[in-house]
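Per-entry structural report
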Amino acid sequence: MLKFISRIINQFKEYFLLTILIIISLTVLSSNEKPQIKKLRTFALGSFAVVNQVVNSAASIFEADESAEQLRRENAELMMQVNRLRKSGYVNQELRSMLSYKDTSSYPLVYADVVSKLVNKIQGNFIINRGSKDGIKIGMPAVNDKGIIGVIADVTEDFSVVRTLYNSSLNIAVTVQSINIDGILSWNGNELIIKNIPTTYNVRVGDRVETSDFSSILPPHIPVGVVSKRETISLGLLHTISIKPFADISAVDNLFIIKSLPSKQVNQLEMNLMR
Amino acid sequence: MLLNYLRPVLYFIPLAVVQLVIVPLISIAEIAPNVILIMIVFYTLKYGQIYGMITGFVLGFALDLISGGLAGAFMFSFTVSVFIAGYFYNENKIEINTASSFYLVILFIAAAINAFLYSAVANTNSDVGILYLAVEDGILPGLYTTALGLPVVIFNTRKGIE
């Protein structure tokens, strides 16, 4: 009997090994949120990002000087202010909306360079050279002078992982600025979409989209993009709208982290959207 | 034998840097080649299916950890794609398999399966269709990876002539 079993194992050893390795892989996949895996990832990420940073800085040796960082910072701050003013143009008649308005421009910005990128149609991730030492925390938004790029998903002492908008695991609450309708923005592998907007709302191509007041992860009124397409589904009752982001996410080399502190209680609930 | 396993691990470090720093610069519309898979497929055709699976599994896990992506995704996709590439291993045809256009065919199959599987396990959005994943996130990255595998064939062919 033992001989028979060992002969079978020997004959199909590749398949047995494949099965074992697949089971281990799937177990690791399902334990992504476990502290042991997180610890291991933090260690590996922090160690290897140093190498990436050296190569990256060597590759970008011909890039702009220090004043560029200052200019980019001013640009990002102005972008926030412009968007705030544009927003107030839409809602100026209602004192109530003025009271609920939060000042996004008051958040401090932390400049960061992109050290490496994971390019994929489904899982867009950046590693940046700012970490917990710089006050970066999970859930803080990453922006550039055009608009939002993503959200901090993982932090080590010196480096952080930014989950970009081009990541199917990231869903954020947004508002179509002109008509004040809220929705959840997600990446379907091809484009950014907001689903299930009732057709009674007149969403037009070109309407601006920004982060919503309802989001506890992100501060409100950060520019996201413009409506590029509107598709009617479900017997003409609902729209799916496509969004073209303001920021050229694929080409981002440096960005800012908005040091906003999300509400802890609501955050626990909303962070589930990132998983 | 141990050296055979050590070699891809040593090559992995510079290739991982290339994958995470240089490859994003040459990606087209989020379609990027996988330079680490080029190496793993090459060694699989040289040393066999079991060797390839273990190498793919270990290096996949390492890439998962250092890329900030989903842990286990590359581990899974590398293991399965290299298992399929390992079917083409023949100890009497190592030269033909690694220094001819046949290598590119195997590489394309492995790369397309790898990219498809990676996206399939990493995807959490139910709106993404299987057909879309197979074409846009399977075949296209597969073709791109195959194009980057061309220098491997040229280099090995020249080495064979010399």
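Just so it is clear, the structure is predicted and the values come from calculations on it, not from any experiment.

Our focus in this paragraph is the domain arrangement of chain A. All names here are of chain A. We note that the domain assignment places domain 1 (2-62) and domain 2 (105-274) within chain A. A C-alpha centroid distance of 29 Å is found between domain 1 and domain 2. Listed as interface residues are 9 residues of domain 1 and, on the opposing side, 10 residues of domain 2. In this assembly, domain 1 packs against domain 2 so that about 830 Å² is buried in total across both faces, 65% of it on carbon and sulfur atoms. At the boundary of domain 1 with domain 2, the tally comes to 1 salt bridge. Close ionic contact of Arg 41 with Asp 154 constitutes a salt bridge, the shortest N to O distance being 3.4 Å. For the pair domain 1 and domain 2, the number of links is 1 residue pair in polar contact (both at pLDDT 80 or more). Taken together, the residues of the side of domain 1 that touches domain 2 break down into 3 nonpolar, 5 polar and 1 charged.

If you look at the biggest cluster of nonpolar residues, it comprises 48 residues, and the most contacted ones within it are Leu165(A), Leu185(A), Leu255(A) and Ile257(A). Filtering out sequence-adjacent residues up to four positions away, Ile257(A) remains in contact with Pro108(A), Leu109(A), Val110(A), Ile128(A), Ile136(A), Met140(A), Pro141(A), Ala142(A) and Ile152(A). Ranked by size, the runner-up nonpolar core spans 41 residues in total, among them Ala16(B), Val17(B), Val41(B) and Ala85(B).

All names here are of chain B. Residue placement: Thr 145 occurs in helix H7 (residues 130-161). Taking relative accessible area as the criterion, Thr 145 reaches 2% and is therefore assigned buried. The residues touching Thr 145, leaving out its near neighbours within four places in the chain, are Pro 33, Asn 34, Ile 38, Leu 107 and Ala 111.

Thresholds applied
- Residues numbered from 1 in each chain as written.
- Chains lettered and ligands numbered in written order.
- Predicted model: local features only at pLDDT ≥ 70, side-chain atom pairs only at ≥ 80, totals over all residues.
- Heavy atoms only, no water.
- Domains from an automatic or database assignment.
- Contact = heavy atoms within 4.5 Å.
- Buried area = accessible area lost by both parts, 1.4 Å probe.
- Salt bridge = Lys/Arg side-chain N within 4 Å of Asp/Glu carboxyl O.
- Polar contact = N/O pair within 3.5 Å; in protein donor to acceptor, adjacent residues only side chain to side chain.
- Nonpolar A, V, L, I, M, F, W, Y, C, P; charged D, E, K, R; others polar.
- Core = buried A, V, L, I, M, F, W, Y, C linked by side-chain atoms within 4.5 Å.
- Buried < 20%, exposed > 50% of the residue type's maximum accessible area, 1.4 Å probe, protein only.
- Helix = DSSP H or I, 4+ residues; strand = E, 2+ residues; numbered from the N terminus.

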